[in-house]
Amino acid sequence: MTPLEYLDKIREEEFCSTCMKKTNIEPHHVNFIGMGRDRKKELIEHYSSIPVCRLCHQTYHKVGRKTFEFKYDVNIYDLAHHYLSKHLFNYSEFITKRK
């Protein structure tokens, strides 16, 4: 699964990973990409994305990681690991079934 395919999977998630609202999802990159980089390229940082709603995404960037994690009682690195494991495991099952 390419990094851009992974981002599509994150966008397809049904709930925000922090507030659990069922809403439109956007990926939040746990590993900082930086302004000016082309997010449409196959970047390894895409694999660190978690699904968040717009409000949670804005809140994260406003208050920072530590305050955000305290507010929502989450560890964003654990969330990133969870979603990466979930999607890569499902993808490997899909490839195995195709053989």
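As shown above, the structure is provided for reference.
Model, not experiment: these values are computed from the prediction. (Residues numbered from 1 in each chain as written. Predicted model: local features only at pLDDT ≥ 70, side-chain atom pairs only at ≥ 80, totals over all residues. Heavy atoms only, no water.)

Caption draft 1: Summary view of the overall build of the protein. Across its full length, the protein holds four helices and two strands. Counting the 99 residues in the protein, one finds 40% classified as buried. Sequence separation of 24 or more characterises 62% of the internal contacts of the protein that already satisfy a separation of 6 or more. A total of about 6,700 Å² of accessible surface is found on the protein, and carbon and sulfur atoms cover 55% of it. (Helix = DSSP H or I, 4+ residues; strand = E, 2+ residues; numbered from the N terminus. Buried < 20%, exposed > 50% of the residue type's maximum accessible area, 1.4 Å probe, protein only. Contact = heavy atoms within 4.5 Å. Areas by Shrake-Rupley, 256 points an atom, 1.4 Å probe, with all protein chains shown as cover.)

Caption draft 2: Focus on helix α2 (residues 54-63). Listed as buried for α2 are C56, H57, T59 and Y60. Down the axis of α2, the buried side of the element spans an arc of 165°, and every buried residue falls inside it. Exposed residues on α2 whose side chains face more than 90 degrees from its buried face are H61 and K62. (Arc of directions from axis to C-beta.)

Caption draft 3: Structural view of the pattern of salt bridges. By the definition in use, this model includes six salt bridges. Here K22 and E14 are joined by a salt bridge, their closest N and O atoms 2.8 Å apart. Residue class for K22 comes out exposed when judged on its relative accessible area of 60%. (Salt bridge = Lys/Arg side-chain N within 4 Å of Asp/Glu carboxyl O.)

Caption draft 4: Highlighting the state of the cysteines. Evaluated as defined, the whole model comprises zero disulfides. Not engaged in a disulfide, the cysteine C16 finds its nearest cysteine sulfur in C19; these two sulfurs lie 3.7 Å apart. Note on C53: no disulfide assigned, nearest cysteine sulfur contributed by C56 at a separation of 3.6 Å. Its relative accessible area of 5% is what places C53 among the buried residues. (Disulfide = S-S within 2.5 Å.)

Everything listed here is a matter of geometry and, on its own, says nothing about what the molecule does.
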